[in-house]
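Inside the fold
Read off the chains here:
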Amino acid sequence: MNMLHLSADQCKEFMDYLFSLCVPPKFTAYEMEEMEQHNNIPLGSKALDTLLHGGLLSGSLTEFVGPPGVGKTQWCLYITTKVLAGGRGGVHPSAIYIDTESAVRPERIVEMMTNKYPELSSEIPQFLSRIHMFRPRTATSMLEILDSLECIVVEKDARVVIVDSIASMAVSLSASSMQSKASQLSSWAAKLKSLAHQLNICVIVTNQITTVHKPQLPEPSSGVGPQPHPQEQVVDRRESVLNQEDRVVDAAAPVPRLPDHTECAIPALGNAWTHCITTRLILQYCTDSAARQIVIAKSPVSPFAIFSYIITHGGITIQEKDCCYSYSGPDPGQFRIRVQRGIPLDTA
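Note that the coordinates shown come from a computational prediction; the quantities given were computed from them, not determined experimentally.

Reading the values: rules and limits
Residues numbered from 1 in each chain as written. Predicted model: local features only at pLDDT ≥ 70, side-chain atom pairs only at ≥ 80, totals over all residues. Heavy atoms only, no water. Helix = DSSP H or I, 4+ residues; strand = E, 2+ residues; numbered from the N terminus. Buried < 20%, exposed > 50% of the residue type's maximum accessible area, 1.4 Å probe, protein only. Contact = heavy atoms within 4.5 Å. Areas by Shrake-Rupley, 256 points an atom, 1.4 Å probe, with all protein chains shown as cover. Expected span 1.5 Å × (residues − 1). Bend = angle between axes of the 7 residues up to and from the residue. Pairing = 2+ DSSP bridges. Axes fitted to C-alpha atoms, helices over the stretch in contact; angles between N-to-C directions. Parallel < 35°, antiparallel > 145°, perpendicular 65-115°, else oblique. Nonpolar A, V, L, I, M, F, W, Y, C, P; charged D, E, K, R; others polar. Arc of directions from axis to C-beta. 1 Å grid on protein atoms, 1.4 Å probe; cavity = no way out; pocket = protein on both sides within 12 Å on 5 of 7 lines; lining within 4 Å. Points joined across faces, edges and corners; volume = space filled by probe spheres on them.

What the protein chain contains, in helices and strands, is ten helices and eleven strands. When burial is assessed residue by residue, the protein chain has 40% of its 348 residues classed as buried. Long-range pairs, those at least 24 residues apart, make up 69% of the contacts in the protein chain with a sequence separation of at least 6. Accessible surface, the protein chain: about 20,000 Å² in total, of which carbon and sulfur atoms supply 55%.

Structure, rendered in structure tokens:
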């Protein structure tokens, strides 16, 4: 008190103020819902937005994951244009775009804005000036950007932060082990989730796929008797060393074959990263259609659901008639993603 030249009451008031800065603010569930709905980003489909309770949730970390060319960057640009075009009544929100793969082209943004919002064509230069781009090349530069994001978001009045893609930055991590890499990725996710929560904005990341080998049993010759699970390893129990001397081996008995292994695509970065994200939206190809699919594989508010979409001049068009949902979806970390095997050519 003597050093600050304050009275006892003034010191108590000052201490209470310091504590209020350190302790997270308290709020009710109703206030939380009001804050989230105010900054949610709708995706343009009534059915999809209803399942997601208004679109992409503010205050959370959303991931788009899929094979190359399926449209991850197109979704990010589409969401960016929706944010910029949503500013009305003197409000001019901006977007922070961390482009780690140098995949963003301004020409595509202009094409989307021109076709989706023709009435705003004259304002396109202003819209482009509100997209703040970063292109880190190393994990160190990525970390520097993440550390400064809070000030940048507040200064630029950003409503969405996009990292496209987080997987390409993970490759540059100079970790000595997979556990260390997972720890560094979790640290990045914690920074992004904290930013989303504190400023009540949407944070979006894109992820790539990885290939894993799954055992696949040969087709049975008959349907008699129970069949093993296709992911279980089948071994020849006739050669067991535990009782090899105590029983007679029937040479005519069929020998169970070891399973063949097939490749399948699942989200990259492992299960630890799956726990870090709030919502996982998987993008994949359709087997019998030119359309593609968006799968709600993990969400705190939505059941497992699949919608079809196409990429157009104006961005993304979701086909609501081709949708289904279920409350018993698969593991979001082991979901087998359909990739494009090739384009059939008409040789007739």
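Back to the write-up after that little detour.
The end-to-end C-alpha distance of helix α7 (residues 139-156) is 24 Å, a good match for the 26 Å that 18 residues give at a rise of 1.5 Å each. For α7, the principal kink sits at leucine 149 and spans about 50 degrees. Those residues of α7 not exposed but buried are Ala139, Ser141, Met142, Ile145, Leu146, Leu149, Ile152 and Val153. Positive backbone phi, at 55 degrees, marks aspartate 157, one or two positions downstream of α7.

The strand order across the open sheet formed by nine strands is β3-β2-β4-β5-β1-β8-β9-β10-β11, and the pairing between neighbours is mixed. Each edge of the open sheet carries a strand with a single partner, namely β3 (131-134) and β11 (315-326). Within the sheet, the average angular offset between the axes of one strand and its neighbour, ignoring direction, is 20 degrees. Looking at chain direction, strand β10 (residues 304-312) and β11 are connected through nine bridges and run antiparallel. In the sheet register, threonine 312 faces β11, and the bridge partner there is glycine 315. Against the sheet, helix α9 (residues 178-199) touches β1 (60-65), β4 (158-164) and β5 (202-207), its axis set at about 125 degrees to β1.

Moving on: unusual backbone geometry. Following aspartate 164, the chain continues into serine 165 via a peptide bond in cis, with omega recorded as 5 degrees. Structurally, serine 165 is set in the loop between β4 and α8 (166-171). In this structure, histidine 53 is a non-glycine residue whose phi angle is positive, near 60 degrees. As for its position among the elements, histidine 53 is in the loop between α3 (46-51) and β1. A relative accessible area of 47% places histidine 53 in the partly exposed class. Of note in the backbone geometry, leucine 269 takes a positive phi value of approximately 80 degrees without being a glycine. Here leucine 269 shows up in the loop between β7 (260-267) and α10 (270-276).

This next bit is on the packing of α7 against α9. Running from N to C, α7 and α9 point in directions that differ by 5 degrees, and their axes come no closer than 11 Å. On the basis of their axis angle, the class for α7 and α9 is roughly parallel. Residue-level contacts link Ala139, Met142, Leu143, Leu146, Asp147, Leu149, Glu150, Val153 and Val154 of α7 to Trp188, Lys191, Leu192, Leu195, Gln198 and Leu199 of α9. Residue composition of the contact of α7 with α9, by class: eleven nonpolar, one polar and three charged.

Attention now goes to helix α5 (residues 106-116). An α-helical segment advances 3.6 residues per turn. Residues three or four places apart therefore align on the same side. Among the residues of α5, Arg108, Ile109, Met112 and Met113 are the ones counted as buried. Projected down its long axis, α5 carries its buried residues within an arc of 135 degrees, all on one side. Buried residues along α5 sit against α4 (72-85), α6 (124-128), β3, β10 and β11.

A few words on empty space enclosed by the protein. Counted according to the given criterion, the structure contains one cavity of 30 Å³ or more. Lining of the largest cavity is provided by Leu52, Gly55, Leu56, Leu57, Thr62, Thr279, Ser299 and Val301. Grouping the constituent residues of the lining of the largest cavity by class yields four nonpolar, four polar and no charged.

Secondary-structure assignment places methionine 113 in helix α5. On the accessibility criterion, methionine 113 (2% relative accessible area) is buried. Separated by 201 residues in sequence, methionine 113 and glycine 314 place their C-alpha atoms 6.8 Å apart. In contact with methionine 113, other than residues within four places in its own chain, are Thr81, Pro118, Ile124 and Phe127.

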